[in-house]
Structure formats: C-alpha cells, structure tokens
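Given next are the chains, with one letter for each unit.
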Amino acid sequence: MKNILILLPLLALSACGPGQPAPMDVIPTQAQVRWQQMETNMFVHFGPNTFSGKEWGDGTEAEDMFNPTAMDCRQWAATAAAAGFKGIIITAKHHDGFCLWPNPVSTHTVAQSKWMDGKGDVLKALSEACKEYGLKFGVYISPWDRNDPHYGSPEYNDVFVKTLQSALGDYGPVFEQWFDGANGEGPNGKRQEYDWPLFHKTVRSLQPDAQMFSDVGPGCRWVGNEEGCAGRTNWSTLNVEGFSPGAGSPPVDTLNRGNRHGQAWIPAETDVSIRPGWFWRESENGRVKSLQQLLRIYYESIGRNSLLLLNVPPDTRGRIHEADSVRLREFRAALDEIFAKDLAADALLEASAKRGNRYKAANLQDGKYDSYWAVPDEERTPTLTVTFPEERTFNRVLLQEYIPLGQRVSSFAIDVLSEGQWKEIAAETTIGYKRIVLIPETTTQALRIRITGADACPVLNNLEIYQDRIYKDIATASEYQTGTVHPATEAQTLDLGGVKDIRGFRYAPIYRGEGGVITRYRLEGSRDGRRWFPIREGMFGNIVNNPIPQDVPLRDEVQARYLRLTPVETVPEGSYGIAALEAL
C-alpha cells in the first residue's frame, strides 16, 4: 500500500485557494486523523491475571503473585514493530486494581511485590522500549477497582484522578488513554458514580493529543464486540447526548455502525485478542488465531473504516510467547505480499466530473494524503472509470475518503467491463478513512466506481487495486458451536459418575453467547445427590463481551460426585445458553 504522508494542518487548508470543498459540520481533529493513520496497534494485557488464569481478578490477589521471571519490554516492542504495529497500549491497571507502576495512591502495585525487589516499573520499561523502536505508547486504566477501599464513595474519584496523573505525567507522550466502562459492585454494595468530565479534563491537561477511548469516546469508540468485526456500514460519527461509558452506552449495533449525521466525530476502534482470552494462559498456546482468521479481522476492521487493536498478551516470563510471535510474522508477511503491487498505479482514471484541474482524478494515484479528487458541490453521484493498459486480474478494491473534510459517501457500487457491457459486482455503503472491498476474482480491462449516495460532494484521496492469493473466505467455527438454552431459574447438575477430586470447573456458553450467558453464579457440590455443600460464588469476568469458555480454579480442592451450577444473574435476564459444564 502507498505510504501515508503527514497530514497538513487543517488551518492551512483555508489557504489552498478557491474551489476547495467546504468541510462537513462534523470533522476529526488533526490528532484523530493521525490516530486513524496508525491503522494497527498492539494491546498488551498483563498483570496478576497472567499468573492466576482469570479474565477478571477480584482484587484480593497477593501482590507477590505478579512475578515475571524474565520480563523484556524490548522484546514486546520488537515483536510489535516487526508486525507493523504503530503503537502499544498496556493494561496499566485492570479491574483488580493492581498497578504495573508504583502508583503513590495505591498499596496494590509492583512496589509491594517481590518482583525486582519492589523497584520494578512496567510503564517505564515499556515507554522506553516504545521510544527505542519508534512506537507510540498508550495506557489502559480501568476506573473500576476491586481492591481500593475508597471504591463506591465520592472520595474514589479523587483517588482515580491522582492515579491518572501518576500514569500520564511521568512516562512521556501518550497517544491513547483507554477507559474501560466496567463498574462493578463496591465493597459496601454501592456502584461508583464516575466523574467522567473530571477524568477527561485530567487527561487533556496532561496529554492533550491523547485519544480517549470508551463506548462514547470522546476520541474513539468501542466497536461493539470483541470478535474483530466492524460494521459493513461504519460511520465515524456518533450521537453521544444522553449516553455514558459502560451500562449507559448506546446499543452495540449502534457502536458497530455509528450514526449518520452523528453529533461528534468518534471513530470505531476494533479490539480483539489473538487468543480466545485477553490474558495469557498456557492452555491457549495451541489456540492462537490462524493466519486466515487474522486476515479476516484485518479486512473487517481496517477494511471497514476502523483502527485495529490486536491483543498479544505476554506470558508468565513477561515475554510474548513464541506461538504468538510466529503467527504475527506470518500475518505481516501475508499483508506485505497481498499489498505489494497496486494494479491501479499505471491505470488511466477518468471522472464524470471534477472540481477544476487541482482536484483531478489523477490525484488518487499520487500517494499524497492531502491530494484528492473532488467534484462540484451540486454533484453527489459521480463515477470514476479505471482503464488498465491490458486485462488484469484482481479481487480487492481499496478506497479512501479525505476525512479532514468529513465522511460523505453513504453508498457506492463497483462495475467491471465484460463483453462490452458494464456489470455490477459489488454494492456497499460507507467508505470513510479506508474501505477494502472483497470482490470475486475478476479479469477485465476496465473498472468503474459509482458513488450512489453522498451527504455532500464526494472527496476521495486514494484508489488501489490488488490481487489477494492468500486469504480464503472462512466460516468461523467453534467447539462450543451448539448447546441448549435454559430459563434463568434452572440450575445445571453434573454427575461425575463417582466421587472425584475437583480443582475447578469450566462453564462454556454457546458460541457468540447465543441464548444469553451466566454472569454471576453459585456452585455447590454433593457426594450423594441429596445433601449439598457450598463451593463457590462468583462472577464470570467479561463473559458478555467475550462469551468464551471460562475455567474457574478453586482455592481448595473438594471431593464430590455432583456439581450444581445455579445462575444468580444472566444477560439478558431470563435465559442463558450452555454448551458445556465440566469439572477440572
């Protein structure tokens, strides 16, 4: 693909001369455009959960649990750079409250652990490694804190502000502040009333160019799932009035698609893990996503006007596991091969309309980000014809809008010349920063792009055409594809056939959470099926957004023939799906 040049300051656009299209009512900031141009970043989930095997820790984990044996942030950065990532975002504080830096307002940090005799600082090590490898540095800081005694009271907001000040003030530039909207029950039964305006003000004062992520931005938004899939229709604008992060967010289908004519520019970020879970588990070393799965995610995120944030979790050594790094090298090599030769580079481009010579169709081929094809204001449905010197075979068409002037195109179609007649082979909706259309393998000497709907005169700055010989359209499969759906009042009983030593259990919802999921549970055991004893009560962390099998270890081994899992809370209310209940 063509190199992306540095965006000219938007203030300079007014000096470009007469005839320039007027910007839309809602446009991105310069920082938001630079953020979108990064395209792929690496997420790093690391903390006590790495060592406990949990998705969500409960805050009672001993600080000494965090004890990587050979941590090397330079290895993380080298892996990310080799894979083509532009930045790394680290889970500096997850819901368990453990801080990967010596946070002065917490007693649940690396400073209280035996790792490096309490003198370690993951944020310092990673920020320095990112600088060395030319990567940008970002932080995830969950406002939910299952350890801090102030959580659930007004005082906690001040504690959290001091946490932000510590993490954002001492480690250099931060390109993204990732806010998780989770808000669990506090130790006194209260939910925390987060002071989001105060949190945002704090971030802006310390890192004015950092994009703030949440369900409602203000810098970028959650895409509405953790499967790596942005909507085929994906507007970078979103209506935010009356909504808030977490439980008060817009519906997930709205997050996935955005809002046409939305109130604010809040583009989608697609976060997905290279493994089934977000934190490293040895049991998942053989379940790293395949190359085909990663390519599908690429096309359904970056190829649908979204940034891709791919999670690659370090193991208990504090290093990216070999299975992950090998797959990332394969992924990078595949992308380099797929996008090595732009078949449109020497084609003749002819437009049905243009806005003078300055905004001619040939600008789509010059590799300059701030150079674009535009048409008169009254023209909303122009066509662009691409004629090759000879017949060429291809199956990918890449288009880009010049988003500093807004997102305009609402629908377009692609035609090919076949036996002297134009034949439509694809019809899509939005374009945005980047759209990659997967079409059937086609051989022709001419291609036509028809803009069939736009909210203002279309402004496109790039067209590329490729032949992808690697990706095969795959159907996602799961060993937990099927199961049964039950009312939330119904418990599940497992007969082990005899009294067994039980170290834990596994609950597997149906693939993609069909029928609902259990979020809070009660587990009991019995040796005879009549007399039951309590084993554990708890919650399945993040199972709504990422409905994968959850393994729950027990603190103490128990002996039982029967296990009974009773739903305490389900999402949605009233039912849940179950594909498996197993003893470990």
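Residues numbered from 1 in each chain as written. Predicted model: local features only at pLDDT ≥ 70, side-chain atom pairs only at ≥ 80, totals over all residues. Heavy atoms only, no water.

A. Focus on the overall build of the protein. Counting its secondary structure elements, the protein contains 10 helices and 24 strands. For 584 residues, the compact-globule formula gives about 25 Å, and the C-alpha radius of gyration of the protein, at 26 Å, lands near that figure. Taking the principal axes of the C-alpha coordinates as reference, the protein spans close to 80 × 50 × 45 Å. A burial count over the protein gives 59% of its 584 residues as buried. Restricting to contacts in the protein with at least 6 residues of sequence separation, those with at least 24 account for 78%. Of the roughly 23,500 Å² of accessible surface on the protein, 49% is carried by carbon and sulfur atoms. Computed over 62 positive and 74 negative side-chain charges, the inter-centroid distance for the protein is 2 Å. (Helix = DSSP H or I, 4+ residues; strand = E, 2+ residues; numbered from the N terminus. Rg over C-alpha atoms; globule rule 2.2 N^0.38 Å. Buried < 20%, exposed > 50% of the residue type's maximum accessible area, 1.4 Å probe, protein only. Contact = heavy atoms within 4.5 Å. Areas by Shrake-Rupley, 256 points an atom, 1.4 Å probe, with all protein chains shown as cover. Lys, Arg positive; Asp, Glu negative; His and termini not counted. Charge placed at Lys NZ, Arg CZ, Asp CG, Glu CD.)

B. Structural context of the sheet that holds strand S19 (residues 492-508). Strand order in the open sheet formed by 5 strands is S21-S20-S22-S19-S24, and the pairing between neighbours is antiparallel. Unpaired on one side and paired on the other, strand S21 (532-539) and strand S24 (580-583) mark the two borders of the sheet. Each strand axis lies, on average, 35 degrees off the axis of its neighbour in the sheet, ignoring direction. Bridging between strand S20 (residues 517-526) and S21 involves 7 bridges; their strand directions are antiparallel. By the bridge assignment for S21, Arg522 is matched with Glu537. (Pairing = 2+ DSSP bridges. Axes fitted to C-alpha atoms, helices over the stretch in contact; angles between N-to-C directions.)

C. Summary view of the pattern of salt bridges. Per the stated rule, a full pass over the model turns up 35 salt bridges. Close ionic contact of Lys54 with Glu61 constitutes a salt bridge, the shortest N to O distance being 3.4 Å. Look at Lys54 and you get buried, because its relative accessible area is 18%. Here Glu227 makes a salt bridge to Arg512, at a shortest N to O gap of 3.3 Å. Pair noted here: Glu227 is in the loop between strand S6 (220-222) and strand S7 (237-238) and Arg512 is in the loop between S19 and S20, with a separation of 285 residues, a long-range link. Residue classification places Glu227 among the partly exposed residues on the basis of a relative accessible area of 32%. Three or more residues joined by partner-sharing salt bridges are found here, namely Lys54, Asp58, Glu61 and Arg555. (Salt bridge = Lys/Arg side-chain N within 4 Å of Asp/Glu carboxyl O.)

D. Region of interest: the pairing of strand S3 (residues 136-141). Most of S3 is tucked away, with 5 of its 6 residues classed as buried. Following the chain from strand S2 (residues 87-93) across helix H5 (residues 122-132) to the adjacent parallel S3, one finds a crossover that is right-handed. (Right-handed = clockwise from strand over helix to strand, strands pointing away.)

E. Highlighting the environment of Met539. Residue placement: Met539 occurs in strand S21. Taking C-alpha positions, Met539 is 35 Å from Asp170, a pair spaced 369 residues apart along the chain. In this view, Met539 contacts Trp56, Trp144, Arg146, Thr519, Arg520 and Tyr521; residues no more than four positions away in its chain are not counted.

F. Quick peek at the sheet that holds strand S1 (residues 40-44). Read around the barrel, 8 strands follow the order S1-S2-S3-S4-S5-S6-S9-S10 and close on themselves; strand pairing throughout is parallel. On average, each strand axis in the sheet is tilted by 25 degrees relative to the strand beside it, whichever way the strands run. Both S1 and S2 contribute to a ladder of 3 bridges, which runs parallel. Bridge pairing in S2 links Met42 to Ile88.

G. Geometry of the packing of helix H9 (residues 291-301) against helix H10 (residues 322-338). At a minimum axis distance of 10 Å, the contact between H9 and H10 shows a crossing angle of 55 degrees. One finds that H9 runs oblique with respect to H10. You can see that H9 and H10 cross each other, and the crossing is right-handed. Listed contacts from H10 to Leu291, Leu294, Leu295, Tyr298 and Tyr299 of H9 are Arg327, Glu330, Phe331, Ala334, Leu335 and Ile338. Residue composition of the contact of H9 with H10, by class: 9 nonpolar, no polar and 2 charged. (Parallel < 35°, antiparallel > 145°, perpendicular 65-115°, else oblique. Left-handed = near helix turned anticlockwise from the far one by under 90°. Nonpolar A, V, L, I, M, F, W, Y, C, P; charged D, E, K, R; others polar.)

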